[in-house]
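This is what each chain is made of:
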Amino acid sequence: MFNRLRYAIGNYLRIRPEDNVPEEVAGPFKRNVLANTLDIGFFFAGEAFVSVNTILPVFAATLTQDPVIIGLIPAIVNSGWYLPQVFMVSKVSKLKRTLPLTCRMSVLERIPFLFLPLLALAIPHISSKMALILLMVIVIFRGVASGFTALPWQELTARAIPLSHRARFWGMSRSFGQVLGVFSSLVAALILDTLEYPYNYALNFGIALIFLWLSYAALRLNVEPIQPPHASEKDSSKPLSPLTFNWDFARQVLKENANFRHYLAARIMGFFGNMASGFIAVYGMQRFQLADGQAGIFTGLLYGASILGYSIWGYLGDRIGPRKVYMSALLIWCLGLLLAILTPSVWIYYLVFIAYGLYLSGSTMGDALLVFELGSDQMRPAYMGLARTLVSPGIILAPILAGSIIARSSYPVMFAAAIGVSLVSVFLMQRVKDRPRFQPQGVTQQNEAKNEV
């Protein structure tokens, strides 16, 4: 068994001549795989103690019963990750090395986590309203800080991991992260059930800090291949302000690149289909009258299913492409929501989190790799920034719509609406093109140049 695993990993790390990988990328490839895998793994372990889909919404539910506010927590974090990226395009495009900027932004990203355990400890001494306000401020800070980190971190990953190995890297690194996340979620469940509120949450949030800074230490181990800056694609003699450059570029892309328009439409619908994600834990807790510790069990199921998901999607991704991975994941999510509507017991409801884990891993991987392939490598930062920012309104509006449906009707009606919108996203994504697999890199880029603005 061990020999098979070692062989599989060795085969994964082997770069062959037909992969057409430049020497400056192939040289530090193994080190960069290790560094980024540890970075992702420790980050996932820390995130399990402050999960925006389970633990933080349940924590917020101890302060308010408003479904809109509870649903906004994952939406704020996710939209915060997407929205600021366009404003980093000009900066990142001009960098020969993105690692220093990524490290600086990563410190900013981790600062909000310092305040979560302090907030939990302060709950007995302040009103619930004040605690809720402070929680939302921390959540907003966390989301926006992650958004300014996202583009340089993605560009660092794209430079360090070649196209021929990206899906397998995502699958392996995130499977490792999910394994750590499962153990973390079990510890989180034990803490939530054993300690008195709010000290149980304070300890959870404190443990998260340790793993997040271990993640940062691993990030710094990267050896980034030095590349010429991308921002000189037309006229490098003219300095470009980030806002003018990006919105002029956005108008041109939206006008001339139909593939990009199809992608944006499909992703926005996908976010509305995801509007139920922030409510599945709270709904399960309320419907089956469960203790707070069940939030940790839900998180464990989510991470456990994601381990399987990332392994499957990572294997398939380098063969079928990220578009089909994304579509398959959305269909699984529809099945999970159908179970949430129909399930008569908590044991069957656990399957909802398994389906969500498979969906989350597939949609995350599929979208992340697909964004790398919407334009040429030279224009990658611009396409990534625009793709992330232009879909961000859907992220913040979706949970507001979900909360409104719940307030006026019920959770099952909202789940049914999410199924319908998800199917629309699948239909729209069929029109999006990604890069052909098992094709020489030069040929691939020639094909993409036909659609490049």
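Residues numbered from 1 in each chain as written. Predicted model: local features only at pLDDT ≥ 70, side-chain atom pairs only at ≥ 80, totals over all residues. Heavy atoms only, no water.

1. Brief notes about the overall build of the protein chain
(1) Moving on: Regarding its fold elements, the protein chain presents 21 helices and zero strands.
(2) Moving on: Split into buried and exposed, the 453 residues of the protein chain put 58% on the buried side.
(3) Moving on: Partitioning the intrachain contacts of the protein chain with sequence separation of at least 6 by distance along the chain shows that 86% fall at a separation of at least 24.
(4) Moving on: Of the roughly 18400 Å² of accessible surface on the protein chain, 67% is carried by carbon and sulfur atoms. (Helix = DSSP H or I, 4+ residues; strand = E, 2+ residues; numbered from the N terminus. Buried < 20%, exposed > 50% of the residue type's maximum accessible area, 1.4 Å probe, protein only. Contact = heavy atoms within 4.5 Å. Areas by Shrake-Rupley, 256 points an atom, 1.4 Å probe, with all protein chains shown as cover.)

2. What about the nonpolar core?
(1) Moving on: Judged by nonpolar contacts, the single largest core of 132 residues is most densely connected at Leu-135, Phe-205, Tyr-263, Met-414 and Phe-415.
(2) Moving on: Per-element accounting of this core gives the leading share, 13 residues, to helix α17 (residues 346-372).
(3) Moving on: Look past the residues within four positions of Tyr-263 in its chain and what remains in contact with it is Asp-367, Leu-370, Val-371, Leu-374, Ala-387, Arg-388, Met-429 and Val-432. (Core = buried A, V, L, I, M, F, W, Y, C linked by side-chain atoms within 4.5 Å.)

3. Remarks on the packing of helix α8 (residues 115-122) against helix α9 (residues 128-160)
(1) Moving on: Where α8 meets α9, the closest approach of the two axes is 11 Å, and the angle between their N-to-C directions is 175°. Our classification of the angle between α8 and α9 gives roughly antiparallel. Every residue of α9 that contacts α8 at Phe-115, Leu-116 and Leu-119 is listed here: Ala-131, Leu-134, Leu-135 and Ile-138.
(2) Moving on: Of the residues belonging to the contact of α8 with α9, the class tally is seven nonpolar, no polar and no charged. (Axes fitted to C-alpha atoms, helices over the stretch in contact; angles between N-to-C directions. Parallel < 35°, antiparallel > 145°, perpendicular 65-115°, else oblique. Nonpolar A, V, L, I, M, F, W, Y, C, P; charged D, E, K, R; others polar.)

4. Quick word on the confidence of the model for the protein chain
(1) Moving on: Taken over all residues, the pLDDT of the protein chain has a mean of 84, while the share at 70 or more is 88%.
(2) Moving on: Contacts for the low-pLDDT stretch residues 230-244, under 50 throughout, to residues beyond four places or in other chains number 17 contacts.
(3) Moving on: For the stretch residues 440-453, pLDDT sits under 50, and the model shows 23 contacts to residues farther than four places along the chain or on other chains. (pLDDT = per-residue confidence, 0-100.)

5. A few points about the packing of helix α19 (residues 392-408) against helix α20 (residues 411-429)
(1) Moving on: Across the interface, α19 lies against α20 with an axial gap of 7 Å and an inter-helix angle of 140°. Here α20 runs oblique to α19, going by the angle between their axes. Seen along the crossing, α19 lies across α20 with a hand that is right-handed. In contact with Ala-402, Ile-405 and Ile-406 of α19, α20 contributes Tyr-411, Val-413, Met-414 and Ala-417.
(2) Moving on: A breakdown of the residues in the contact of α19 with α20 according to their chemical character gives seven nonpolar, no polar and no charged. (Left-handed = near helix turned anticlockwise from the far one by under 90°.)

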